[in-house]
Amino acid sequence: MRKALSIAVLLGTVVLGVALAKPTPEERILFEAVNRERHKVGLSALRWDDALAAAARQHASAMAKHRSVAHTLAGEPSLPGRATRAGVHFSSLAENIVVAQDSESAHEAFLHSPNHRANMMDTEMDSIGIGMVERGGQVYVVEDFAKGK
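This one's a predicted model, so the numbers in the text were calculated from it and none came from an experiment.

Asks: Which residues make up the packing of helix α2 (residues 25–40) against helix α5 (residues 103–111), and what are the values?
Replies: α5 packs onto α2 with a crossing angle of 30° between their chain directions and a minimal axis gap of 9 Å. Crossing geometry of α2 relative to α5 is assigned as right-handed. Contacts between α2 and α5 involve Glu 26, Ile 29, Leu 30, Ala 33, Val 34 and Glu 37 from the former and Ser 103, Glu 104, His 107 and Leu 111 from the latter. Residue composition of the contact of α2 with α5, grouped by class: 5 nonpolar, 2 polar and 3 charged.

Okay, structure coming up:
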């Protein structure tokens, strides 16, 4: 029993550590690119949110596992469910998803899509979390945006 408890505590610590990890270098490239675009049009910068990033990483991982790009995959909660489960406190949410060769091409794809660009430039949003997962030479990218409560 004591060994099982130790394993459970260790596993919980590992999961918590992953959920609260700071941005990876590739995620940071996207984070800075989004804020650079917002700055160009006079908008305030979004702040990085670790909980939102945890939700984005979970969804990017699920998309990579299924080799599918979708806002909700079978057996997975919707964006509000994923955000709530990750501990995000929000009054509104938005999400960008793409599969690309790298962070730069993902950002370009978002910029050239009216809906994705609108999410990046939404004046109501104040935070962002980004998740990227590589599989088979492609990166599955999720940008989750939130307006806090």
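Asks: Could you give an account of the packing of helix α3 (residues 50–66) against helix α4 (residues 79–86), with specific residues and numbers?
Replies: Contact geometry of α3 with α4 gives a least axis separation of 8 Å together with a crossing angle of 130°. Relative to α4, α3 is oriented oblique. Regarding α3 and α4, the two cross each other, and that crossing is right-handed. On α4, the residues touching Ala 51, Ala 54, Ala 55, Gln 58 and His 59 of α3 are Arg 82, Ala 83, Arg 85 and Ala 86.

Asks: Outline the side chain of Ser 103, supporting the account with residue identities and numerical values.
Replies: Relative to the helices and strands, Ser 103 resides in helix α5. The class of Ser 103 is buried, set by a relative accessible area of 0%. Among the polar contacts made by the side chain of Ser 103, one reaches the side chain of Glu 26 at a distance of 2.8 Å. Ser 103 has contacts with Glu 26, Ile 29, Leu 30 and Met 132, leaving out every residue within four places of it along the chain.

Parameters and conventions
- Residues numbered from 1 in each chain as written.
- Predicted model: local features only at pLDDT ≥ 70, side-chain atom pairs only at ≥ 80, totals over all residues.
- Heavy atoms only, no water.
- Axes fitted to C-alpha atoms, helices over the stretch in contact; angles between N-to-C directions.
- Helix = DSSP H or I, 4+ residues; strand = E, 2+ residues; numbered from the N terminus.
- Left-handed = near helix turned anticlockwise from the far one by under 90°.
- Contact = heavy atoms within 4.5 Å.
- Nonpolar A, V, L, I, M, F, W, Y, C, P; charged D, E, K, R; others polar.
- Parallel < 35°, antiparallel > 145°, perpendicular 65-115°, else oblique.
- Buried < 20%, exposed > 50% of the residue type's maximum accessible area, 1.4 Å probe, protein only.
- Polar contact = N/O pair within 3.5 Å; in protein donor to acceptor, adjacent residues only side chain to side chain.

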